[in-house]
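Report on the structure
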Amino acid sequence: MTIDIKSFTIEDLASWLENRPLGASFIDVREPSELEEQGTIKGFNANIPYFLSNTNPELFEKQFLAINKDEQLVISCRSGRRSLLAAQYVVSKLGFKNVYNVEGGILKWIEKGYPVEKL
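Labelled according to an unreviewed UniProt entry, the chain appears under the name Rhodanese domain-containing protein, originating from Mucor plumbeus.

Structure below.
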């Protein structure tokens, strides 16, 4: 079964952050060490590391279920791979409908010259 996830380019994300819909959430699924190393994109709501989906799926799901399933959800990571997996997970297992994956993740964000915040 293929799960169709919508995508945001880095430019889409920058525009979305400036005009974010009320109630929309922006989740970063990188490891805490990556947040420290690469910095963060201003405006993210929470860090829910993707590795939890394998090591502690109950905690992973609990953190996502604190988010309104009917609102827009944007997920980012380092390069876009884990965020795509997380997006597929929340759509297929948790019933989210309006989910976007950020293509290229924070590496593409930095490459395009957008600012990051250091922790």
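Comments concerning the overall build of the chain
Counting its secondary structure elements, the chain contains six helices and five strands. Going from N to C terminus, the chain has its helices and strands arranged as β-α-β-α-β-α-α-β-α-β-α. Relative to its length of 119 residues, the chain is compact, with a C-alpha radius of gyration of 13 Å against a globular reference of 14 Å. Viewed in the frame of its principal axes, the chain has a C-alpha envelope of about 35 × 30 × 25 Å. A total of 119 residues make up the chain; the buried ones form 42% of that total. Put simply, the chain shows about 6400 Å² of open surface, and 49% of that area lies on carbon and sulfur atoms. Separation of charge centres in the chain, based on 14 positive and 16 negative side chains, amounts to 2 Å.

What to know about the UniProt feature "domain: Rhodanese" (unreviewed entry) in the chain
Those places that UniProt annotates as "domain: Rhodanese" (unreviewed entry) correspond, in this numbering, to residues 23-118. Helix makes up 41% of residues 23-118 and strand 15%. Its end C-alpha atoms lie 25 Å apart.

What about the environment of Val 74?
Mapped onto the secondary structure, Val 74 falls in strand 4 (residues 73-76). Val 74 sits in the buried class, given a relative accessible area of 0%. Not counting chain neighbours up to four residues away, the residues in contact with Val 74 comprise Phe 8, Leu 13, Trp 16, Ser 25, Phe 26, Ile 27, Tyr 100 and Val 102.

Cut-offs used in this document
- Residues numbered from 1 in each chain as written.
- Predicted model: local features only at pLDDT ≥ 70, side-chain atom pairs only at ≥ 80, totals over all residues.
- Heavy atoms only, no water.
- Helix = DSSP H or I, 4+ residues; strand = E, 2+ residues; numbered from the N terminus.
- Rg over C-alpha atoms; globule rule 2.2 N^0.38 Å.
- Buried < 20%, exposed > 50% of the residue type's maximum accessible area, 1.4 Å probe, protein only.
- Areas by Shrake-Rupley, 256 points an atom, 1.4 Å probe, with all protein chains shown as cover.
- Lys, Arg positive; Asp, Glu negative; His and termini not counted.
- Charge placed at Lys NZ, Arg CZ, Asp CG, Glu CD.
- UniProt positions renumbered as here; feature names shortened; annotations may be inferred.
- Contact = heavy atoms within 4.5 Å.

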